[in-house]
Amino acid sequence: MLELLAQTALNATYAASYIALVAVGLVLIFGVMGVINFAHGELFMLGAYAVVALYADLQLNFMMAVMVGLAFVGCVGLLMERALFRPLRDNPLGGLVASIGFLLILQALVVMGFGVRMEHIPPVTQEVIAFSDRVRFPLSRLYVVVAAVVLLTALWLFLKRTRFGWALRASAQDPEAAALQGISINQTARIAMFIGAGLAGVAGALTAPLVSVNPLMGHSVIVTAFIVIIVGGIGSLEGAVVAAVAYAFVHTIVTTFYDGVIADIVGLSLMLLVLIVKPHGLFGTAERA
Amino acid sequence: MLLEVKGASVAYNKVVAMRQVSMQVPEGGIVTIIGANGAGKTSTLRAISGLVRLFAGEIHFGGRRIDGLPPEKIVAAGIAHVPEGRRVFPQMTVEENLRTGAFLRRDRQEIETDLEKVFARFPRLKERRRQLASTMSGGEQQMLAIGRALMAKPRLLLLDEPSMGLAPVIVEEIARIIKEIAAGGVPVILVEQNAELALSLADYAYVLETGNLALEGRASELHENEHVRRAYLGI
């Protein structure tokens, strides 16, 4: 029993890592731009396909493929900012609808390029860290955890210590007051979009060898990310991380002891419960003006 | 003239908020804009700092045309705007708020000097430098908003309703600070509903009524003006 719990905790830690990467990116984009990016799951999917193309097909080094995936999906984010969200800046609902349209385009493009079949990606490493006979953690999962911790720490330092990080936080708290300090809204929007999209892309790239990669894989990710940011409090980066960890543990434990469908139901019920008790989420303060 | 507004007009969703307004701000002193709610005072400031676009007219600052520029370019030109309702960054500390005011500056040494100057002017801010802005009182937030604007090292300071919602003793303190800032060489445009306060501080005044410039003149003269006394001073 203890071993089963330990194994479940390890699995949950892995799940929490990539969910946190996706959710934090989503929160960052919402915070700075006030737009809900429905295509965020598809950015995750694009990251996974970057690994399919570069690592599985072109046989490049895996880390290299992940880096390119991050940069590529970040650039897709820049494109979305310029082509969709900037023209619709005064119209948050328009931004949301445009992002839904864009996610369909991305899915179609990937189907045209790769087909609808599930992609097979050769494992990066077969090595397993064995804590005991029944508590085992594949090294490839540890990579995801380490990458998530490193990236989220880097993001934290960026937001707290750098000039542009401050600009991002200021824009998220009050875009107009930020503009009056000389902070360019276009610039903070670009930075937020690049980082947010890049984090989704890197999460997709890192997990690609561990999950089933297909053009529709973004769907379940975006649902999870939404639950996480609502529970954490929309607009709170810390909340997104804490809620990602909490959700991943609950979901993994329920999946282990019952099954995945029940786990989804439990996850959604928890979200409803949080909304009833704390409508702004666990870490939310107030809604954005 | 440091700032010249020439026939400026602003509309929100086709509702005209300010019609053919012209005003001039000299290199020193305090100019005030008074008027009732919705007279176009805030719109005038928002037009100057680039938050709204003119549909007619021009704005020149330091001999350069600035209407149509994005807000960050206007800040870079030297105009700092303390918006209505203070608008400090609630989830940032006092010190972070102040440093954000210096966002466009690269002179690190002088930023530190100016930070100390702001702390000297507002000792309360120094005591609370690590506190989140949202936890401060209205008066303290107003001081923080003014301090943040000063951190930009402006050539012109726009103040929108600095006395709003503050206790009389705090209003007095803010008034003293506005005078000090102007005396220190930074000209101020002061928008106020409290006309008595505004006319007592300012050198020159403009009166806006439903988006039109109704009157202008030396503040001391307008203070004695029959119409102003009846409509704005309640005498």
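- Per an unreviewed UniProt entry, chain B is named Branched-chain amino acid transport ATP-binding protein LivF, and its organism is Lutibaculum baratangense AMV1.

- Going by the annotation in an unreviewed UniProt entry, the name recorded for chain A is High-affinity branched-chain amino acid transport system permease protein LivH, with Lutibaculum baratangense AMV1 given as the source organism.
- In its Subcellular location (unreviewed entry) section, the UniProt record describing chain A reads: "Cell membrane".
- If you open the UniProt record of chain A and go to Sequence similarities (unreviewed entry), you find "Belongs to the binding-protein-dependent transport system permease family. LivHM subfamily."

## Some details on the overall build of chain A
Alright, step 1. Looking only at helices and strands, one finds 11 helices and two strands in chain A.
Alright, step 2. Taken from N to C terminus, the helices and strands of chain A fall in the order α-α-α-α-β-β-α-α-α-α-α-α-α.
Alright, step 3. A compact globule built from 289 residues should have a C-alpha radius of gyration of about 19 Å, and chain A, at 19 Å, falls within 12% of that.
Alright, step 4. Taken along its principal axes, the extent of the C-alpha atoms in chain A is 60 × 45 × 35 Å.
Alright, step 5. Excluding contacts between residues fewer than 6 apart, the proportion of contacts in chain A whose partners are at least 24 apart in sequence is 76%.
Alright, step 6. Surface accessibility of chain A: about 13,100 Å² in total, with carbon and sulfur atoms responsible for 71%.
Alright, step 7. A gap of 9 Å separates the mean positions of the 14 positive and 14 negative side-chain charges of chain A.

## A few points about the interface of chain A and chain B
The figure often quoted for interface size is the accessible area lost as the parts come together.
Alright, step 1. The partner chain B presents 21 residues to the 18 residues of chain A that form the contact.
Alright, step 2. Together, the buried faces of chain A and chain B total about 2,000 Å²; carbon and sulfur atoms form 59% of this surface.
Alright, step 3. For the chain A face of the interface with chain B, the top three residues by lost area are Arg 163, Leu 180 and Gln 181 of chain A, together amounting to 34%.
Alright, step 4. Run the count over chain A and chain B and you get four salt bridges.

## Considering the packing of helix 5 (residues 139–161) of chain A against helix 6 (residues 163–173) of chain A
Residue and element names in this part refer to chain A.
Alright, step 1. Helix 6 packs onto helix 5 with a crossing angle of 85° between their chain directions and a minimal axis gap of 5 Å. Taken together, the axes of helix 5 and helix 6 are roughly perpendicular relative to one another. Counted together, Phe 158, Leu 159, Lys 160 and Arg 161 of helix 5 and Arg 163, Phe 164, Gly 165, Trp 166, Leu 168 and Arg 169 of helix 6 form the full contact between these two elements.
Alright, step 2. Classifying every residue of the contact of helix 5 with helix 6 by side-chain character gives five nonpolar, one polar and four charged.

## Looking at the side chain of Thr 188 of chain A
Alright, step 1. Mapped onto the elements, Thr 188 of chain A comes out in helix 8 (residues 185–207).
Alright, step 2. The contacts of Thr 188 of chain A, once residues within four sequence positions are left out, are Val 32, Ala 167, Leu 168, Ser 171 and Ile 183 of chain A.

## What to know about the pattern of salt bridges
Residues and elements named next belong to chain B.
Alright, step 1. Applying the stated criterion to the full structure yields 24 salt bridges over all chains.
Alright, step 2. With a closest N to O distance of 2.9 Å, Asp 67 and Arg 65 form a salt bridge.
Alright, step 3. The exposure class of Arg 65 is partly exposed, given its relative accessible area of 43%.
Alright, step 4. The residue Glu 112 makes a salt bridge to Arg 99 at a minimum N-O spacing of 2.9 Å. Of the two residues, Glu 112 sits in helix 4 (residues 108–121) while Arg 99 sits in helix 3 (residues 94–101), which places them 13 residues apart along the sequence.
Alright, step 5. Since its relative accessible area comes to 24%, Arg 99 is described here as partly exposed.

Rules used in this analysis
Every chain is numbered on its own, with residues counted from 1 as its sequence reads. Chains carry letters and ligands carry numbers; both start at the beginning, A for chains and 1 for ligands, and go up in the order they are written. Two thresholds apply to this predicted model, a pLDDT of at least 70 for residue-level local features and 80 or more for giving and counting side-chain atom pairs, whereas whole-chain, interface and lining totals are computed over all residues. Working from all heavy atoms in the structure, the side-chain values ignore hydrogens and water. UniProt positions are given in the numbering used here, feature names are shortened, and annotations may be inferred rather than shown by experiment. Under the scheme used here, helices are H or I runs from DSSP no shorter than 4 residues and strands are E runs no shorter than 2 residues, and both carry numbers assigned from the N terminus. Restricting the calculation to C-alpha atoms gives the radius of gyration, and the globule rule supplies 2.2 Å times the number of residues raised to the power 0.38. Throughout, a residue-residue contact means that at least one pair of heavy atoms, one from each residue, lies within 4.5 Å. Every accessible area reported is derived by Shrake-Rupley at a probe size of 1.4 Å, with residue values counting cover from the shown protein chains alone. In this count, Lys and Arg are taken as positive residues and Asp and Glu as negative ones, while His and the chain termini are left out. In this description, the location of a charge corresponds to atom NZ of lysine, CZ of arginine, CG of aspartate or CD of glutamate. Once two parts are brought into contact, the accessible area they lose, counted with a 1.4 Å probe and summed over both, makes up the buried area. We count a salt bridge whenever a side-chain nitrogen from Lys or Arg sits within 4 Å of a carboxyl oxygen from Asp or Glu. Axes here refer to lines fitted to C-alpha atoms; in helices the fit is confined to the stretch in contact. Angles between the N-to-C directions go from 0 to 180 degrees. Here the angle decides the label: under 35 degrees means roughly parallel, over 145 means roughly antiparallel, 65 to 115 means roughly perpendicular, and every other value means oblique. Under the convention adopted here, Pro, Cys and the residues Ala, Val, Leu, Ile, Met, Phe, Trp and Tyr are nonpolar, Asp, Glu, Lys and Arg are charged, and Gly plus all remaining residues are polar. Throughout, exposure labels follow a simple rule: accessible area from a 1.4 Å probe, protein chains only, divided by the maximum for the residue type, with under 20% read as buried, over 50% as exposed, and the rest as partly exposed.

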